[in-house]
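Structural characterization, general
The chain contents come next:
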Amino acid sequence: PIFEVANLGTGHHLPAGSPMRHMLALVSADADGAPLTMIDGPALPEWAGDMHEKAGRAFAKLLGDGGQAPVPAWQATAVVSDTRIPAGELDRSQYRFRLDRPGTARIGAVLVIRRTFPAWATTAGTDVGEIVVARRNVLLAR
């Protein structure tokens, strides 16, 4: 399936605000309740914490200090990467999952915004402040 996230109707990159804020697009697939293995497509980076290596895309302005990323804005010496979606633009990613037998598969997509990075939340003794902003499921027959 192809997964699209559009930033329409804003005048800024998405997500905006604090560089700690980031957005994750999580994609999953199952058949009869059993998860399917992704065979092609992007996976979430290590800094996504508990979501690391799951199918999906990460959108963030990642700040670093030359040896580590992410770091808080007050310690940053460089922008390591900026994968946020610019105003009026669309991000498109494609995924393939292994379905070994005929049947119906459910493809799920969830878009979440987190207020902070998981490692920082753990250090502070709080949670990431995850907010689900969109959810979609599609059934496909093979």
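Placed above this text is the structure.
**Section: the packing of aromatic side chains**
Under the defined criterion, the tally for this structure stands at 2 aromatic pairs. Here the aromatic rings of W47 and F117 are separated by 5.2 Å at their centres, their planes lie at 85 degrees, and the arrangement is edge-to-face. Highlighted residues: W47 in the loop between β4 (38-40) and β5 (56-59) and F117 in the loop between β10 (104-114) and α1 (118-124), separated in sequence by 70 residues. A relative accessible area of 2% means that F117 is categorised as buried.

**Some thoughts on the nonpolar core**
Ranked by size, the top nonpolar core spans 20 residues in total, and within it F3, V5, M23, L36 and F97 carry the most contacts. Elements with a minimum of two residues in this core: β1 (2-6), β2 (22-31) and β10. L44, W47, A58 and A60 belong to the second-largest nonpolar core, a separate cluster that totals 13 residues.

**As for the pairing of β2**
For β2, a buried count of 9 out of 10 residues is recorded, marking the element as mostly surrounded by other parts of the structure. Bridge analysis of β2 against β10 gives 10 bridges, and the strand direction is antiparallel. Paired with L24 across the two strands is V112, which belongs to β10. Examined bridge by bridge, β2 and β5 share 4 bridges and lie antiparallel to one another. Looking across to β5, one finds that L24 is bridged to A58. Where β2 and strand β3 (residues 34-35) come together, 2 bridges link them in antiparallel fashion. When the bridges of β3 are listed, D30 appears paired with P35. Counting the residues in the hairpin turn of β2 and β3 gives 2 residues, including D32, whose phi is positive at 55 degrees.

**Looking at the pattern of salt bridges**
Two side chains that carry opposite charge are able to pair once their charged atoms sit near each other. For the coordinates displayed, the defined rule picks out 8 salt bridges. D50 is the salt-bridge partner of R114, the closest N and O atoms lying 2.9 Å from each other. Of this pair, R114 sits in strand β10 while D50 sits in the loop between β4 and β5, and the two are 64 residues apart along the sequence. The closest approach of N and O atoms between D82 and R84, which form a salt bridge, is 2.9 Å. According to the relative accessible area criterion, D82 is partly exposed, its value standing at 36%. Residue classification places R84 among the buried residues on the basis of a relative accessible area of 19%.

Calculation notes
- Residues numbered from 1 in each chain as written.
- Predicted model: local features only at pLDDT ≥ 70, side-chain atom pairs only at ≥ 80, totals over all residues.
- Heavy atoms only, no water.
- Phe/Tyr/Trp six-rings, centres within 6.5 Å; stacked < 30°, edge-to-face > 60°.
- Helix = DSSP H or I, 4+ residues; strand = E, 2+ residues; numbered from the N terminus.
- Buried < 20%, exposed > 50% of the residue type's maximum accessible area, 1.4 Å probe, protein only.
- Core = buried A, V, L, I, M, F, W, Y, C linked by side-chain atoms within 4.5 Å.
- Pairing = 2+ DSSP bridges.
- Salt bridge = Lys/Arg side-chain N within 4 Å of Asp/Glu carboxyl O.

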